[in-house]
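Listed below are the residues making up each chain.
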Amino acid sequence: MSVMVVRKKVTRKWEKLPGRNTFCCDGRVMMARQKGIFYLTLFLILGTCTLFFAFECRYLAVQLSPAIPVFAAMLFLFSMATLLRTSFSDPGVIPRALPDEAAFIEMEIEATNGAVPQGQRPPPRIKNFQINNQIVKLKYCYTCKIFRPPRASHCSICDNCVERFDHHCPWVGNCVGKRNYRYFYLFILSLSLLTIYVFAFNIVYVALKSLKIGFLETLKETPGTVLEVLICFFTLWSVVGLTGFHTFLVALNQTTNEDIKGSWTGKNRIQNPYSHGNIVKNCCEVLCGPLPPSVLDRRGILPLEESGSRPPSTQETSSSLLPHSPVPTEQLNSNEMPEDTSTPEEMPPPEPPEPPQEAAEAEK
Amino acid sequence: KNQVHNLQELRRSASLATKVFIQRDYSDGTICQFQTKFPPELDSRIERQLFEETVKTLNGFYAEAEKIGGSSYLEGCLACATAYFIFLCMETHYEKVLKKISRYIQEQNEKIFAPRGLLLTDPVERGMRVIEISIYEDRCSSGSSSSGSSSGSGSSSAGGGGAGAR
């Protein structure tokens with residue numbers, strides 16, 4: 001006699017989060033919705049390294065030194081670990097204001113703007129703050145109904161406000177913000193090193209083997225070499241350049257978003273109040289500073305409203321690798337011009353692909 | 001005499017009058033600090049000094065969590081050296097301080113705020129944006145700490161939209 005086990009479906013908070021994110025593994029993994037380019041990144045890295053280990057490494061380990069594949073493996077593992085960390089973690093999303101809080105803020109805004117004389121346009125929702133003796137403006141986000149902290153920005157692709165927003169990177173399939181910037185930086189750094197390493201040893205391999213059996217024979221024997229060299233060549237120009245750009249940003253404690261908008265440059269602009277003035281200190285803070293935990297509480301359990309028991313189904317609460325899409329969200333208010341800075345990795349330093357949006361945003 | 005209130009009891013039997021939101025104070029940069037300005041809605045409910053002390057203590061905790069110094073660098077470098085796998089088994093310094101904060105808030109609620117018909121919500125549950133203080137209606141005399149005898153309206157805890165802001 002079989003016993004019917006009725007399992008209550010537990011609703012976790014990630015299922016009801018607004019924003020255009022994809023969640024996997026029952027809320028443990030968080031990514032943007034479009035993941036195609038991320039899969040491409042994975043494929044390129046895994047594919048190139050597999051070819052390298054399978055062909056060139058076997059020859060070089062014997063001819064030169066067994067340390068060569070060991071270092072390659074270490075670099076490969078480190079860059080994969082940092083890539084997955086960047087892609088799967090919460091970049092620092094600021095949860096939206098609950099209705100009570102939103103109403104409270106609206107009331108405050110009305111109280112402040114009440115002083116505006118008749119006939120004038122209501123001023124944009126901006127609060128001025130003083131940071132380290134310089135005035136910084138806080139903008140109100142119409143979608144999230146909060147005043148954004150300084151350096152935070154709203155990502156239009158993920159439809160979230162992100163703290164210390166750097167940019168939305170399609171190559172890692174996620175936003176890059178406060179919580180995952182260091183992983184992103186370490187990823188591009190280790191990927192640059194890995195690319196240079198693989199490129200260099202491919203050349204060495206071809207050179208060594210050509211001496212013995214000739215150039216064309218070498219290519220015929222391991223055609224993968226050509227592919228690897230091509231991929232590495234193009235990757236070099238983009239990723240190494242990007243690493244250089246981000247090293248510059250880290251040294252000055254700036255974000256890509258601020259650099260593109262020119263927040264701290266120009267004659268009449270204020271200096272970056274977040275920089276310590278010292279390159280080492282800036283690097284230490286950005287890369288080794290304390291890591292704030294995620295405030296999204298994706299795996300928290302929502303109070304059971306009506307979802308009672310369901311007919312028995314297997315593996316319902318166990319981690320599934322199928323992405324669950326959250327409930328679609330409200331439209332972006334047209335007053336809000338969110339920053340959209342996806343970094344094309346073809347040229348260093350990256351140019352914003354959508355200048356009109358940036359210009360229209362201006363300083364409202 | 002301070003009675004330790006059962007906070008669930010408070011939520012169920014008292015009715016929510018309004019909520020006050022203490023905003024972040026960005027004058028020191030992006031670190032997590034809250035404004036110590038005393039909101040007028042709390043004027044009749046709690047002494048200014050007690051409130052300020054609570055907020056200042058919380059600010060102190062957050063400053064400790066985000067402190068940039070030798071130990072945080074060490075943690076960062078160690079984590080980097082292990083390709084961040086160490087976070088699978090170890091709690092970060094920040095998380096430890098957040099736990100301390102949560103215990104502190106619970107303690108403050110039990111000892112100071114609940115007897116006055118107030119309830120502090122941990123900022124971590126509000127995305128570190130605000131300290132939410134729920135003000136419950138005082139049915140009996142203002143000084144005493146009784147939870148209002150259950151009238152029909154019952155409870156509306158944080159989930160329901162409370163009566164907006166007054």
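Treat the numbers as computed from the prediction; the structure is a model and nothing was measured. (Residues numbered from 1 in each chain as written. Chains lettered and ligands numbered in written order. Predicted model: local features only at pLDDT ≥ 70, side-chain atom pairs only at ≥ 80, totals over all residues. Heavy atoms only, no water.)

With respect to the overall build of chain B
Scanning chain B for helices and strands turns up four helices and three strands. Its helices and strands taken in sequence order, chain B reads α-β-α-α-α-β-β from the N to the C terminus. A sequence separation of at least 24 residues applies to 65% of the contacts in chain B between residues at least 6 apart. Just so you have it, chain B exposes about 8300 Å², and 50% of that area is on carbon and sulfur atoms. (Helix = DSSP H or I, 4+ residues; strand = E, 2+ residues; numbered from the N terminus. Contact = heavy atoms within 4.5 Å. Areas by Shrake-Rupley, 256 points an atom, 1.4 Å probe, with all protein chains shown as cover.)

Concerning the overall build of chain A
Helix and strand content of chain A: nine helices and ten strands. Relative to its full complement of 364 residues, chain A shows a buried share of 48%. Restricting to contacts in chain A with at least 6 residues of sequence separation, those with at least 24 account for 69%. Per element, the accessible surface of chain A, about 18200 Å² overall, is 64% carbon and sulfur. (Buried < 20%, exposed > 50% of the residue type's maximum accessible area, 1.4 Å probe, protein only.)

Some words on the side chain of Arg298(A)
All names here are of chain A. By the secondary structure assignment, Arg298 is in the loop between helix H8 (279-288) and helix H9 (355-361). This buried residue, Arg298, is left without a salt bridge; Asp90 holds the nearest opposite charge, at 5.2 Å. Those residues in contact with Arg298 that sit more than four places away from it in its chain are Arg12, Lys13, Trp14, Leu17, Phe23, Gly27, Arg28, Val29, Met30, Phe88 and Asp90. (Lys, Arg positive; Asp, Glu negative; His and termini not counted. Salt bridge = Lys/Arg side-chain N within 4 Å of Asp/Glu carboxyl O.)

Remarks on the environment of Gly70(B)
Tracing the backbone shows Gly70(B) in helix H3 (residues 70-81). Each C-alpha atom of the pair Gly70(B) and Pro39(B) lies 38 Å from the other, and the pair is 31 residues apart in sequence.

Considerations on the interface of chain B and chain A
Taken together, the contact between chain B and chain A spans 40 residues of the former and 36 residues of the latter. Of the roughly 3100 Å² buried between chain B and chain A on both sides combined, carbon and sulfur atoms contribute 67%. Of all residues in chain B, the largest losses of buried area upon contact with chain A belong to Tyr26(B), Tyr84(B) and Arg129(B), amounting jointly to 24% of the total for that side. Residue Asp100(A) pairs with Lys19(B) through a salt bridge whose shortest N-O separation is 2.7 Å. Put simply, chain B and chain A have five residue pairs in polar contact (both at pLDDT 80 or more) between them. With five residues, H3(B) is the largest single contributor of residues to the side of chain B that touches chain A. (Buried area = accessible area lost by both parts, 1.4 Å probe. Polar contact = N/O pair within 3.5 Å; in protein donor to acceptor, adjacent residues only side chain to side chain.)

Topic: the UniProt feature "domain: Palmitoyltransferase DHHC" (unreviewed entry) in chain A
Mapped onto the present numbering, the UniProt feature "domain: Palmitoyltransferase DHHC" (unreviewed entry) falls on residues 137-261 of chain A. Helix makes up 60% of residues 137-261 of chain A and strand makes up 15%, while its end C-alpha atoms are separated by 14 Å. (UniProt positions renumbered as here; feature names shortened; annotations may be inferred.)

Examining the UniProt feature "domain: Golgin subfamily A member 7/ERF4" (unreviewed entry) in chain B
UniProt's feature table lists "domain: Golgin subfamily A member 7/ERF4" (unreviewed entry) at residues 20-132 of chain B, given in the numbering used throughout. The distance from the first to the last C-alpha atom of residues 20-132 of chain B is 6 Å, and the span holds 45% helix and 10% strand.

Some details on the pattern of salt bridges
Pairing between side chains becomes possible if they bear opposite charge and their charged atoms approach one another. All names here are of chain A. Applying the stated criterion to the full structure yields 16 salt bridges over all chains. One salt bridge in this structure joins Asp26 and Arg299, with 3.3 Å as the shortest N-O distance. Here Arg299 lies in the loop between H8 and H9 and Asp26 lies in the loop between strand S1 (21-24) and strand S2 (29-32), a separation of 273 residues in the sequence. The buried category is assigned to Asp26, whose relative accessible area is 13%. For Arg299, a relative accessible area of 27% translates into the label partly exposed.

With respect to the packing of helix H4 (residues 181-213) of chain A against helix H6 (residues 224-252) of chain A
Residue and element names in this part refer to chain A. At their nearest, the axes of H4 and H6 sit 8 Å apart, and the two run at 145 degrees to each other. Crossing of H4 over H6 shows left-handed handedness. The class makeup of the residues in the contact of H4 with H6 is 20 nonpolar, eight polar and one charged. (Axes fitted to C-alpha atoms, helices over the stretch in contact; angles between N-to-C directions. Left-handed = near helix turned anticlockwise from the far one by under 90°. Nonpolar A, V, L, I, M, F, W, Y, C, P; charged D, E, K, R; others polar.)

Details of the UniProt feature "transmembrane region" (unreviewed entry) in chain A
Residues and elements named next belong to chain A. The sites that UniProt annotates as "transmembrane region" (unreviewed entry) are residues 37-55, 67-84, 183-208 and 228-252. Within residues 67-84, the helical portion is 100% and the strand portion 0%, while the C-alpha atoms at the span's ends are 26 Å from each other. Measuring from the first to the last C-alpha atom of residues 183-208 gives 36 Å, for a span that is 100% helix and 0% strand.

Some thoughts on the packing of aromatic side chains
Centre distance and the angle of the planes are the two values used to describe a pair of aromatic rings. Residue and element names in this part refer to chain A. Counting across every chain of the model gives 18 aromatic pairs over all chains. With 6.0 Å between their ring centres and 55 degrees between their planes, Phe52 and Phe53 make a pair best called tilted. The partly exposed category is assigned to Phe53, whose relative accessible area is 26%. Over the ring of Tyr181 we find Arg164, and its NZ or CZ is 5.3 Å from the ring centre. Sitting over the ring of Tyr59, Lys209 keeps its end group 5.2 Å from the ring centre. (Phe/Tyr/Trp six-rings, centres within 6.5 Å; stacked < 30°, edge-to-face > 60°. Lys NZ or Arg CZ within 6 Å of the ring centre and 35° of its normal.)

Looking at the nonpolar core
Residue and element names in this part refer to chain A. Counting residues in hydrophobic clusters, the biggest one holds 42 residues, and the most contacted among them are Ile45, Leu83, Tyr181, Phe184, Phe187 and Leu194. Within the residue set of this core, elements represented by two or more residues are S2, helix H1 (36-63), helix H2 (67-88), H4, H6 and H8. Among the elements that line this core, the one with the most residues is H4, at twelve residues. Those residues in contact with Leu194, other than ones at most four positions away along the chain, are Cys49, Ala72, Leu75, Phe76 and Ser79. (Core = buried A, V, L, I, M, F, W, Y, C linked by side-chain atoms within 4.5 Å.)

A short note on a nonpolar patch on the surface
Residues Val226(A), Leu230(A), Phe233(A), Phe234(A) and Trp237(A) make up a contiguous nonpolar surface patch of about 530 Å² in total accessible area. Within the element layout of this structure, Phe234(A) appears in helix H6. (Patch = residues over 30% accessible without salt bridge, like charges linked within 9 Å, V, L, I, M, F, W, Y side chains within 5 Å.)

Overview of the sheet that holds strand S7 (residues 153-155) of chain A
Residue and element names in this part refer to chain A. With respect to topology, three strands assemble into an open sheet ordered S3-S8-S7, the strand pairing being antiparallel. Of all strands in the sheet, those with a lone pairing partner are strand S3 (93-94) and S7, marking the two edges. Bridge count between S3 and strand S8 (residues 160-162): two bridges; the pairing is antiparallel. Within S8, the position partnered with Val93 by the bridge is Val162. (Pairing = 2+ DSSP bridges.)

Let's talk about the packing of H1(A) against H4(A)
All names here are of chain A. Where H1 contacts H4, the two axes come as close as 10 Å, and the packing angle between them is 40 degrees. Taken together, the axes of H1 and H4 lie oblique to each other. At the point where H1 passes H4, the crossing takes the left-handed sense. Side by side, H1 and H4 meet where Thr41, Ile45, Thr48, Cys49, Phe52, Glu56, Tyr59, Leu60 and Gln63 of the first sit next to Phe187, Leu191, Leu194, Val198, Phe201, Asn202, Val204, Tyr205, Leu208, Lys209 and Lys212 of the second. (Parallel < 35°, antiparallel > 145°, perpendicular 65-115°, else oblique.)

Some points on the sheet that holds strand S2 (residues 118-121) of chain B
All names here are of chain B. What the three strands build is an open sheet, ordered S1-S3-S2; its pairing is antiparallel. The sheet is open, and its two edges are formed by strand S1 (16-23) and S2, each paired on a single side. Between one strand axis and the next, the sheet turns through 20 degrees on average, direction left out of account. Note that S1 and strand S3 (residues 130-136) share seven bridges and pair antiparallel.

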